[in-house]
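A structural walkthrough
Here's the letter readout for the chains.
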Amino acid sequence: MSDPVSWFLIEAGWTVVDSTGDDVGRVEEIVGDSGEDIFNGLTVSAGLLRAPRYVPAERVAEITEGRVRLDLTKSEVKDLDAHEPEPPSQQFRPG
């Protein structure tokens with residue numbers, strides 16, 4: 001078994017498993033602020049025809065090299081909200 005690693009090392013494509021170790025998808029995006037060391041969560045892709053699901057950081061039980069284990073069951077992962085990417089920011093310049 002691998003040793004736990006920091007959230008900074010998580011990469012897109014890593015395996016995501018439920019609380020029993022069953023595969024529930026792949027990491028699509030890591031959400032956080034690395035400059036402030038704030039890990040907000042992950043988006044998990046469960047397949048081409050399913051919308052990515054957002055997993056809050058507090059539901060991540062363990063991070064090891066190449067794998068993220070959640071404290072959720074497979075059915076709880078399916079019930080998570082679809083990830084809504086943030087709209088692009090706009091900067092307004094004074095006229």
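See the structure shown above.
Our subject in this report is the structure included herewith.

1. Observations concerning the overall build of the chain
Broken down by element type, the chain carries one helix and six strands. Within the span of the chain, comprising 95 residues, buried residues form 31% of the whole. Contacts in the chain between residues far apart in sequence, at least 24 positions, make up 46% of those at least 6 positions apart. Accessible surface for the chain amounts to roughly 6,500 Å². Of this, 48% is attributable to carbon and sulfur atoms.

2. A word on the nonpolar core
By size, the foremost hydrophobic cluster in this structure holds 18 residues, and its most contacted members are I10, L42, V60, V68 and L70. Secondary structure elements with two or more residues in this core: β2 (23–33), β3 (38–45), β5 (60–64) and β6 (67–70). The leading source of residues in this core is β3, at three residues. Sequence-distant contacts of L42, defined by excluding residues within four places in its chain, comprise I10, V27, E29, I30, R53, Y54, V55, V60 and V68.

3. Some details on the side chain of D18
Tracing the chain through its elements places D18 in the loop between β1 (15–17) and β2. As a buried residue without a salt bridge, D18 has its nearest oppositely charged side chain in K74, at a separation of 5.7 Å. Within the structure, the side chain of D18 is placed 2.8 Å from the side chain of T20, a separation counted as a polar contact. With sequence-adjacent residues up to four places away left out, D18 is seen in contact with V24, R69, L70, L72, T73 and K74.

About the criteria used
- Residues numbered from 1 in each chain as written.
- Predicted model: local features only at pLDDT ≥ 70, side-chain atom pairs only at ≥ 80, totals over all residues.
- Heavy atoms only, no water.
- Helix = DSSP H or I, 4+ residues; strand = E, 2+ residues; numbered from the N terminus.
- Buried < 20%, exposed > 50% of the residue type's maximum accessible area, 1.4 Å probe, protein only.
- Contact = heavy atoms within 4.5 Å.
- Areas by Shrake-Rupley, 256 points an atom, 1.4 Å probe, with all protein chains shown as cover.
- Core = buried A, V, L, I, M, F, W, Y, C linked by side-chain atoms within 4.5 Å.
- Lys, Arg positive; Asp, Glu negative; His and termini not counted.
- Salt bridge = Lys/Arg side-chain N within 4 Å of Asp/Glu carboxyl O.
- Polar contact = N/O pair within 3.5 Å; in protein donor to acceptor, adjacent residues only side chain to side chain.

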